[in-house]
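# Working through the structure, step by step
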Amino acid sequence: MVQSSKQFDSENTPPSKVRGGIQGSSRRRRARCAGGPHHPRYAVGHAKHKSSAKQQHSLINVQLPPSAQVDPSDATAAVPSVSLPRYLSRPAFRKIAKESITAVAPELADTGLNYIRQGLQCLGPDMVQVLAGIKAEPTTNVLPTEFDVVVNDLSSDMPTHMLAVYCRHVPAATKRRVTLFPIHSIIIAAHCANLPILPPSNVTCPAAPGSTVSLPMVPLCIPAPDVFPQLSSFLYTKRVDLLLASLLPCRVPHPLYRDDPTSECVLSLLQQFSGRLATTYSTQRLVTHAMAVNGLWRNVCALGIDDEKLWCGLDVAWEILITALAVSTGKRL
């Protein structure tokens, strides 16, 4: 990850090994994961509640204790109270345009989207490993249209672009902060319906580790840049457990995101776990985590990501935190 402090513009194309990798890994995944855990039942179980919730009962107001010790960088620090939605509503999603896939991976033009996503789920961890081995020096003032990075891991496809992630709304006297993330265009194209078609990138795998490649720079304005790493990581791995671990202050019991959310056992466990959070962590700490989940939700809506596992993770994290805040503040849900 590289950080800079201005905003900028520009670009995207196909990973070289994706076609064969997707075909093989999709078959392996179906054999390994059919009937396995991690079914996104939570989001489905709460769909009716969210669609039928009365508008006048949709917000929960949480008063923050005046004596709370607050991190000066915390966006919630300046407000004595915060209003949170009872449920995280889903927008009407657009379909991923076939042209978006064709633009970055022409060899996948006739491949079904679900098939592509299944293959990427298996390839994702290796792609993340390549990203972790990338080194880049931040520039000063203005970002170029292309950005040179050193690649130390050649075990999977090279990243195709560098995202310059920023937020449009910043306090008047504050410099705009831009954070740089190398990424694979096929991951973005296969998940983000609201982004325009990405132009091509000509990145190829270098001959040896430690080589330099040039990545086109792409500006990406989202509501909550601070939680983009969690979103990016999930799009590569599809690991609900890791997503929840990054959003909550402690590990979430498996049944809360694996089992039927309407069962008495899961409902009881939800109350117990949320109650433990309420007695272990301050209201301020819980609100900070809730704001992170809310920011991730706003990013997902802005990018147009319709992924059932991702929405499962969002719903689970939100239900846990809202329930914990209700216990912590003595409110009824």
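Residues numbered from 1 in each chain as written. Predicted model: local features only at pLDDT ≥ 70, side-chain atom pairs only at ≥ 80, totals over all residues. Heavy atoms only, no water.

What follows deals with the overall build of the chain. Tallying secondary structure elements over the chain gives 12 helices and eight strands in all. Within the chain, counting contacts between residues at least 6 apart in sequence, those at least 24 apart form 79% of the total. A total accessible area of about 16,100 Å² is found for the chain, and carbon and sulfur atoms account for 53% of it. (Helix = DSSP H or I, 4+ residues; strand = E, 2+ residues; numbered from the N terminus. Contact = heavy atoms within 4.5 Å. Areas by Shrake-Rupley, 256 points an atom, 1.4 Å probe, with all protein chains shown as cover.)

Bringing the nonpolar core into the picture now. Burial of nonpolar side chains together is a common tendency in soluble globular proteins. Ile186, Phe228, Leu231 and Ile320 are the most contacted members of the largest nonpolar core, which totals 89 residues. When residues of this core are assigned to their parent elements, the largest contribution, 12 residues, is made by helix 12 (residues 308-329). (Core = buried A, V, L, I, M, F, W, Y, C linked by side-chain atoms within 4.5 Å. Buried < 20%, exposed > 50% of the residue type's maximum accessible area, 1.4 Å probe, protein only.)

Before going further, it helps to examine the environment of Arg86. Checked against the element boundaries, Arg86 lands in the loop between strand 3 (81-85) and helix 4 (98-104). According to the relative accessible area criterion, Arg86 is buried, its value standing at 12%. With 236 residues separating them along the chain, Arg86 and Ile322 place their C-alpha atoms 7.3 Å apart.

Turning our eyes to something else, we now look at the confidence of the model for the chain. A low pLDDT means the predicted coordinates there should not be read in detail. Scored by pLDDT, the chain comes out at a mean of 83, with 77% of its residues at no less than 70. In the predicted structure, residues 29-40 sits below a pLDDT of 50 and forms 18 contacts with residues beyond four places in sequence or in another chain. (pLDDT = per-residue confidence, 0-100.)

This next bit is on the packing of aromatic side chains. Within this structure, the stated rule accounts for two aromatic pairs. Aromatic side chains Phe93 and Trp311 sit 5.8 Å apart centroid to centroid with 70° between the ring planes, which places their arrangement in the edge-to-face category. Linking Phe93 in the loop between strand 3 and helix 4 with Trp311 in helix 12, this pair joins segments that are 218 residues apart in sequence. The ring of Tyr87 has Arg86 lying over it, and the distance from NZ or CZ to the ring centre is 4.4 Å. (Phe/Tyr/Trp six-rings, centres within 6.5 Å; stacked < 30°, edge-to-face > 60°. Lys NZ or Arg CZ within 6 Å of the ring centre and 35° of its normal.)

A few words on the pairing of strand 6 (residues 161-166). Burial analysis of strand 6 places six of its six residues in the buried class, the great majority of the element. The side-chain alternation of strand 6 yields two buried faces, one formed by His161, Leu163 and Val165 and the other by Met162, Ala164 and Tyr166. As paired strands, strand 6 and strand 7 (residues 178-183) are joined by five bridges and run antiparallel to one another. Bridge pairing links Val165 to Thr179 in strand 7. Bridge analysis of strand 6 against strand 8 (residues 211-221) gives five bridges, and the strand direction is parallel. Bridge pairing in strand 8 links Ala164 to Pro219. (Pairing = 2+ DSSP bridges.)

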